[in-house]
Amino acid sequence: MELKDQALIVTGGASGIGRAACLALAEKGANLIVADFNLDGAEAVAKEVGALTQDRGGKAFAYKVDVSKAEEVEALVEFAVEKLGTLNGMFNNAGIGLVKPFLEMDPASYLKVIEVDQHSVYYGLYYGARKMVALGAKGAFVNTASIYGSIAARGSFNYNAAKAAVVSMSRSGALELAEYGIRVVGVAPGFIDTPILGDDPAAKAPLAAQHMHNRLIQPEKVASVVAFLFSDAASAINGSTVAVDDGFLS
Ligand code: NAI
């Protein structure tokens, strides 16, 4: 078990990529905090993880957090150490989109996405790394960026800015934290079949067509890469953002 007894936090763990990551990380032996704004969803995932890891006594606890609030992320880190005994990293993954043409991208719409998708990653790295260093714990952070951190999408001025910052923070976080035995990497998904894409098949078809295999990517395909990135097998991957985009950017 490559992640045996690792204590990890997954934000946005109630749904989509975060849920799939919880299952993949638990399968490799990690104990988890399933953190989300949606507590019912987080509890359901914690239960799923519990059932999956029953044999080895795996642990998973749900926690309600708004990742755009510094003090709530700080409290999440405290909760993790209280429940799991230590902290070996975070999957900073919770995120939202809010699509508007640029001329309607008022400051509130811009800042909402910056706060949830960008500031949350800084808070996770800051409070998480400070706690790990204080405990002498080693590990890794994986941050969810996007293909749209590298290229522009129409109506996504806010999202493009936030995800580009996530790519940058993964790089500079890695540089600052390497001396403490902490790696920081990003993952940049293409179009993943999760609720964030909505439920209109006609809207999803052109997204799928951007991929080399002309289909949406299942969240489990991102989750398996995330689990690999947390493992020692990825110890030479640091500061980079790994695309899981079925060739979209190629
Ligand atoms: P999702 O909508 O299935 O899951 C997002 C989760 O984040 C939800 O459970 C939601 O409750 C939670 N969340 C939202 N705001 C929050 C907040 N302020 N505090 C705590 N939790 C909050 O979407 P998905 O696709 O799993 O998204 C996960 C990440 O992947 C996001 O950062 C998203 O931007 C990114 N991403 C998704 C892509 C896709 O095509 N689905 C493509 C590229 C990136």
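The notes below deal with the structure included here. Remember, it's a predicted structure, so these values are computed and weren't measured experimentally. (Residues numbered from 1 in each chain as written. Predicted model: local features only at pLDDT ≥ 70, side-chain atom pairs only at ≥ 80, totals over all residues.)

1. Re the environment of Ala-26
Residue placement: Ala-26 occurs in helix H1 (residues 16–27). Among the residues examined, Ala-26 registers 28 C-beta atoms within 10 Å and is labelled buried. Separated by 32 residues in the primary sequence, Ala-26 and Gly-58 place their C-alpha atoms 7.4 Å from one another. With sequence-adjacent residues up to four places away left out, Ala-26 is seen in contact with Leu-32, Val-49, Leu-52, Thr-53, Gly-58 and Ala-60. (Helix = DSSP H or I, 4+ residues; strand = E, 2+ residues; numbered from the N terminus. Buried ≥ 20, exposed ≤ 12 C-beta atoms within 10 Å, placed from the backbone. Contact = placed C-beta atoms within 7 Å.)

2. A look at the packing of H1 against helix H2 (residues 39–52)
Relative orientation of the contacting elements H1 and H2 amounts to 25°, with a least axis distance of 10 Å. Taken together, the axes of H1 and H2 lie roughly parallel to each other. Helix-helix and strand crossings are classified by hand; for H1 and H2 the assignment is right-handed. Within the contact between the two elements, H1 uses Arg-19, Cys-22, Leu-23, Ala-26 and Glu-27 and H2 uses Val-45, Glu-48, Val-49 and Leu-52. Class assignment for the residues of the contact of H1 with H2 results in 6 nonpolar, no polar and 3 charged. (Axes fitted to C-alpha atoms, helices over the stretch in contact; angles between N-to-C directions. Parallel < 35°, antiparallel > 145°, perpendicular 65-115°, else oblique. Left-handed = near helix turned anticlockwise from the far one by under 90°. Nonpolar A, V, L, I, M, F, W, Y, C, P; charged D, E, K, R; others polar.)

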